[in-house]
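Chains, contacts and geometry: an overview
Next come the chains, spelled out residue by residue.
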Amino acid sequence: MHKFSTNLCTDPFCILREIPDLEKMKKKECPSCAMETDARSRECPVCGYEFPSSARGLKWVAFVLAVMGLFYVLFRQMFI
């Protein structure tokens with residue numbers, strides 16, 4: 001847990017230096033034991049559940065195929 005300093009500062013940007021990094025605060029819940037872990041972890045430190053890795057390339061392939069299918073549906077008269 002991040003502790004904020006109790007002393008008052010005169011610099012208007014000092015509060016921005018005190019805010020914890022939001023990337024470090026991201027959490028995800030383990031579906032096996034419901035323990036909150038770091039969002040970037042690959043496995044749960046409590047029960048050892050391995051989180052599925054998301055294949056970035058697979059998402060792009062699915063997106064391209066969906067766009068191609070949409071173009072085919074919209075412009076199929078051109079292909080006949």
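Every value quoted in this text rests on a predicted model; they were computed, and no experiment measured them.

1. Some points on the state of the cysteines
In protein chemistry, a disulfide is the covalent bond that joins the sulfur atoms of two cysteines. For the coordinates displayed, the defined rule picks out 0 disulfides. Here Cys-30 stays free of any disulfide, with the sulfur of Cys-47 as its closest cysteine sulfur at 3.6 Å. A relative accessible area of 1% means that Cys-30 is categorised as buried. The thiol sulfur of Cys-44 is not disulfide-bonded, and the nearest other cysteine sulfur, from Cys-33, lies at 3.6 Å.

2. Considerations on a nonpolar patch on the surface
On the surface, a cluster of nonpolar side chains totalling about 650 Å² of accessible area is made up of Trp-60, Val-61, Phe-63, Val-64, Leu-65 and Met-68. Along the chain, the position of Val-64 falls in helix 3 (residues 56–74).

3. Here we look at unusual backbone geometry
Its identity as a non-glycine residue notwithstanding, Ala-34 has a phi of 65°, on the positive side. Residue placement: Ala-34 occurs in the loop between strand 1 (27–29) and strand 2 (36–38).

The rules behind the values
Residues numbered from 1 in each chain as written. Predicted model: local features only at pLDDT ≥ 70, side-chain atom pairs only at ≥ 80, totals over all residues. Heavy atoms only, no water. Disulfide = S-S within 2.5 Å. Buried < 20%, exposed > 50% of the residue type's maximum accessible area, 1.4 Å probe, protein only. Patch = residues over 30% accessible without salt bridge, like charges linked within 9 Å, V, L, I, M, F, W, Y side chains within 5 Å. Areas by Shrake-Rupley, 256 points an atom, 1.4 Å probe, with all protein chains shown as cover. Salt bridge = Lys/Arg side-chain N within 4 Å of Asp/Glu carboxyl O. Helix = DSSP H or I, 4+ residues; strand = E, 2+ residues; numbered from the N terminus.

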